[in-house]
Amino acid sequence: MELSRRAFIGGASCAGAAAILAGLTGCGQKANDGGGASGGDADSSSKNEFEQRQTLAPEVARTLTCEILVAGGGISGLSAAVEAAQKGASVILLEKASDVGGNSNGAEGPFAVESPMQQEAGIELTLYDAILNELEFSNYRTNTQIWTNFLRRSGEDIQWLMENGVKFVDVRTTNDGLMGWHYYDGGGKSAVAAMKATAESLGVTIMTSTPLTGLILDSGICKGAYAADTDGNTIAVDAAAVILATGGTGANTAILSERTGFDCSKATINCSPGDTGDAIEAVSALDAQTRTACIMGDKCVYGFQMFDHISFATTRQPNLWVNGHGERFVNEGIVRENIPCTFNALFLGQDCAYSILDQATVDRYAAGDLPDKITNYFPDQPSELANLKDQIEQSLNSGLGVAFKGDSVAELATAMGIDADVLAKTVKEYNAVCSAGRDTDFYKKAEYLSPVEAGPFYAFRFDPLVVCAIGGIETDDANRVLKTDGTPVPNVFAVGLDGCNLYEETYNMTLSGSCNGYCVYSGRNAADNALVLL
């Protein structure tokens with residue numbers, strides 16, 4: 001499993017895996033209007049905030065000059081800054097937050113092939129193996145050339161990171177994935193700290209709490225960018241090239257809904273709070289070409305984080321799942337075997353979905369007897385889910401319409417607002433499958449078959465959680481931003497989550513770490529191509 005990306009940002013203990021999100025607002029229930037998830041109304045003003053900041057641009061308090069301007073200090077922005085500075089360019093890096101790192105602080109490590117670490121460990125993983133895997137996973141709807149360029153340089157990128165102070169533990173994989181995930185020693189924070197130190201040693205000027213507010217345009221040609229300083233004044237940075245690395249749109253539910261076509265207003269937001277789409281807004285005046293974002297996410301019970309005990313027991317286990325009509329619709333074991341496609345099944349294939357448990361299952365889970373144990377993610381934690389029953393009561397009493405209870409299956413169905421006869425039939429058929437030890441309906445593994453027999457019974461609605469949004473701005477092989485006619489926007493590049501176009505709707509966990517690896521690659525690639533402009 002691909003872990004830990006969320007813990008440092010969103011209050012979760014650790015992170016889950018990655019996949020596409022489609023927002024879910026209620027399965028016929030009352031729309032959520034409160035509760036512990038961030039997002040929704042908190043993010044709806046971000047676009048207006050950006051536009052308000054842009055109005056400050058004509059009143060410039062001071063002007064700075066550099067050759068390469070990088071907007072964003074995650075691993076892609078830091079890679080761009082270090083690459084450019086190492087090759088002699090003067091660089092200014094703007095960072096919206098109070099320190100650099102963004103989502104990269106929680107990244108686990110980059111995917112690569114044919115790296116020095118793999119060679120030393122005797123791991124034989126070729127460029128061809130990785131690309132063929134992605135092509136087959138995406139049904140050949142991905143950009144082969146971008147994947148080839150990224151992976152061809154990926155081994156060198158690992159060596160380059162090590163030369164710049166980044167340390168790794170080993171090379172690993174998830175489930176049956178490819179052995180290309182280079183795991184950071186100390187997590188993403190240590191990698192960010194090393195790259196920041198290298199950037200500063202090279203003379204890169206890092207300006208934190210200084211968000212991008214717009215591009216400086218002269219007859220449609222970018223000549224630099226505007227930013228807001230810590231006092232709220234507008235500064236202008238004249239530059240030959242601007243590299244956008246602002247972290248994507250994961251914290252802006254309005255843009256997410258627009259870019260994905262789904263209502264994301266009630267999603268739980270666990271990405272960096274600064275990921276509000278500043279780059280997309282900045283290029284909006286340039287006739288820039290945009291694309292649908294791929295959402296890296298997880299799932300939870302609304303009002304709780306993904307590793308809170310209620311979410312872990314109800315949304316991360318192969319329980320009985322039913323849709324808004326009370327019918328089974330998928331092999332629930334997919335949650336243990338193919339996380340991204342779990343999201344497709346839950347949030348694309350259905351209007352809504354619920355996890356069904358009986359009291360015996362709740363009791364067993366609370367005691368730590370689960371198919372997927374929490375100690376698989378947090379070895380130092382107790383195996384028991386001590387908070388599960390209290391959190392269930394909190395959810396039932398929250399008024400959010402996401403948890404339901406009934407002494408009988410019919411009572412549960414009434415509470416959920418679905419047909420009692422349909423749910424009763426589904427439960428009866430599922431229990432028969434469990435008794436037989438063979439799922440001839442959806443082919444769930446026998447080890448995951450657990451009956452739903454004795455009340456009280458519970459239902460918990462699946463709701464999406466956003467870790468980050470990948471892509472949104474169309475780029476070419478040089479990471480130049482493209483116009484709608486396919487020609488490059490002069491002097492403007494997009495990297496990392498702003499310009500990652502590796503994926504369509506689903507992130508391939510077989511190549512765990514590929515997004516982080518692309519962030520490093522695209523930062524360096526954009527810097528190399530920007531240097532040509534000097």
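Quick notes on the rules
Residues numbered from 1 in each chain as written. Predicted model: local features only at pLDDT ≥ 70, side-chain atom pairs only at ≥ 80, totals over all residues. Heavy atoms only, no water. Helix = DSSP H or I, 4+ residues; strand = E, 2+ residues; numbered from the N terminus. Buried < 20%, exposed > 50% of the residue type's maximum accessible area, 1.4 Å probe, protein only. Contact = heavy atoms within 4.5 Å. 1 Å grid on protein atoms, 1.4 Å probe; cavity = no way out; pocket = protein on both sides within 12 Å on 5 of 7 lines; lining within 4 Å. Points joined across faces, edges and corners; volume = space filled by probe spheres on them. Nonpolar A, V, L, I, M, F, W, Y, C, P; charged D, E, K, R; others polar. Pairing = 2+ DSSP bridges. Axes fitted to C-alpha atoms, helices over the stretch in contact; angles between N-to-C directions. Core = buried A, V, L, I, M, F, W, Y, C linked by side-chain atoms within 4.5 Å. Phe/Tyr/Trp six-rings, centres within 6.5 Å; stacked < 30°, edge-to-face > 60°. Lys NZ or Arg CZ within 6 Å of the ring centre and 35° of its normal. Left-handed = near helix turned anticlockwise from the far one by under 90°.

A.B. asks: Can you lay out the overall build of the chain for me, pointing to particular residues and giving the numbers?
C.D. replies: For the chain, the count of helices and strands is 18 helices and 19 strands. For the chain, buried positions account for 61% of its 534 residues. Here the analysis covers contacts within the chain between residues at least 6 apart in sequence; of these, 73% occur between residues at least 24 apart.

A.B. asks: Explain the environment of tyrosine 140 to me, and be specific about the residues and the numbers.
C.D. replies: Relative to the assigned elements, tyrosine 140 resides in the loop between helix H5 (127-137) and helix H6 (144-163). Residue tyrosine 140 is classed as exposed on the basis of its relative accessible area, which comes to 53%. In this structure, tyrosine 140 is in contact with Leu132 and Leu135, ignoring residues within four places of it in sequence.

A.B. asks: Which residues make up empty space enclosed by the protein, and what values go with them?
C.D. replies: This model, assessed by the stated rule, comprises two cavities of 30 Å³ or more. Every residue along the wall of the largest cavity is listed here: Ile146, Asn149, Thr475, Asp476, Asp477, Asn479, Tyr518, Tyr521 and Asn525. Elements with a minimum of two residues in the lining of the largest cavity: H6 and helix H18 (514-531). Residue contributions to the lining of the largest cavity peak at three residues, all from H18. For the lining of the largest cavity, the class distribution of residues is three nonpolar, four polar and two charged. The space that makes up the second largest cavity amounts to roughly 30 Å³. Looking at the second largest cavity, the residues that line it are Pro110, Phe111, Ala112, Phe150, Ser154, Asp157, Ile158, Leu161, Gly517 and Val520. A breakdown of the residues in the lining of the second largest cavity according to their chemical character gives seven nonpolar, two polar and one charged.

A.B. asks: So what's going on with the sheet that holds strand E2 (residues 68-71)? Which residues, and what values?
C.D. replies: As summarised here, the arrangement of the six strands in space is E6-E3-E2-E10-E19-E18, forming an open sheet in which the pairing is mixed. Both outer strands of the open sheet, strand E6 (205-207) and strand E18 (480-482), are each paired with one neighbouring strand and no more. Across the sheet, the mean angle from the axis of one strand to that of its neighbour is 30°, orientation sign disregarded. Here helix H3 (residues 75-86) sits on the sheet in contact with E2, strand E3 (91-94) and strand E10 (241-244), set at roughly 170° to E3. The sheet strands contacting H18 are E2, E10 and strand E19 (488-494), and the helix crosses E10 at an angle near 170°.

A.B. asks: Please set out the nonpolar core residue by residue, giving values where relevant.
C.D. replies: Counting residues in hydrophobic clusters, the biggest one holds 64 residues, and the most contacted among them are Leu151, Leu388, Ile470 and Tyr503. Contact partners of isoleucine 470, with chain neighbours within four places excluded, come to Ala293, Cys294, Met296, Leu497, Cys500, Tyr503, Tyr507 and Cys515. Core analysis: the next-biggest nonpolar cluster, separate from the first, contains 40 residues, Ala85, Ala89, Tyr184 and Ala527 among them.

A.B. asks: Please provide a residue-by-residue account of the layout of surface pockets, values included.
C.D. replies: The space that makes up the largest pocket amounts to roughly 570 Å³. Around the largest pocket, the lining is made up of 39 residues, and of these Glu95, Gly102, Asn103, Ser272 and Asp275 lie nearest the centre. For the lining of the largest pocket, the secondary structure elements donating two or more residues are helix H1 (7-10), H3, helix H17 (496-499) and H18. For the lining of the largest pocket, the element with the highest residue contribution is H18, accounting for three residues. Here the lining of the largest pocket is composed, by residue class, of 16 nonpolar, 17 polar and six charged. A volume near 280 Å³ is recorded for the second largest pocket. Lining the second largest pocket are 13 residues, and of these Asn175, Asp176, Glu337, Asn338 and Thr510 sit closest to its centre. Of all the secondary-structure elements, those providing two or more residues to the lining of the second largest pocket are helix H11 (334-337) and helix H12 (339-348). Here the residues of the lining of the second largest pocket are counted per class, giving four nonpolar, six polar and three charged.

A.B. asks: Account for unusual backbone geometry, with residues named and values stated.
C.D. replies: Omega for the peptide link from glycine 455 to proline 456 comes to 5°, which places this bond in the cis form. Here proline 456 shows up in the loop between helix H16 (420-436) and strand E16 (457-461). Its identity is not glycine, yet serine 209 carries a phi of approximately 50°, on the positive side. The phi dihedral of asparagine 491 falls on the positive side, at around 75°, and the residue is not glycine.

A.B. asks: Can you tell me about the packing of aromatic side chains, naming the residues and giving the values?
C.D. replies: Remark: the centre distance and the inter-plane angle together describe each pair of aromatic rings, the angle taken between the planes. One pass over the structure, following the stated rule, counts 13 aromatic pairs. Residues phenylalanine 150 and tyrosine 518 carry aromatic rings whose centres are separated by 5.9 Å and whose planes lie at 85° to one another, so their mutual orientation is edge-to-face. Placement of the pair is phenylalanine 150 in helix H6 and tyrosine 518 in helix H18, with a sequence separation of 368 residues. Using a relative accessible area of 1% as the deciding quantity, one classes tyrosine 518 as buried. In textbook terms, an aromatic cluster arises when at least three aromatic residues are bridged by ring pairs, as seen for Trp147, Phe150, Tyr503, Tyr507, Tyr518 and Tyr521. Between arginine 172 and the ring centre of tyrosine 183, over which it is positioned, the NZ or CZ distance is 3.6 Å.

A.B. asks: Requested: an account of the packing of H3 against H18, with residues and values cited.
C.D. replies: Contact geometry of H3 with H18 gives a least axis separation of 7 Å together with a crossing angle of 35°. Considering only the axes of H3 and H18, their crossing is right-handed. Together, Ile75, Ser76, Ser79, Ala80, Glu83 and Ala84 of H3 and Asn516, Cys519, Val520, Ser522, Gly523, Arg524, Ala527, Asp528 and Leu531 of H18 make up the contact between the two elements. Classifying every residue of the contact of H3 with H18 by side-chain character gives seven nonpolar, five polar and three charged.

A.B. asks: Describe the environment of threonine 246, listing the residues and the values that go with them.
C.D. replies: When you line up the elements, threonine 246 lands in the loop between E10 and helix H8 (253-260). Separated by 151 residues in sequence, threonine 246 and glutamate 95 have C-alpha atoms that sit 8.0 Å apart. The contacts of threonine 246, once residues within four sequence positions are left out, are Ala71, Gly72, Leu212, Gly274, Asp275, Asp278, Ala279 and Asp498.

A.B. asks: So, the sheet that holds strand E15 (residues 403-406): which residues are in play, and what are the values?
C.D. replies: Sheet architecture is open: four strands sit in the order E13-E14-E16-E15, paired in antiparallel fashion. Taken across any chain shown, the strands that pair with only one partner, and hence form the sheet edges, are strand E13 (320-323) and E15. Going across the sheet, the axis of each strand differs from the next one's by a mean of 25°, ignoring polarity. Contacting E15 and E16, helix H14 (residues 388-396) runs over the sheet at an angle of about 100° to E15.

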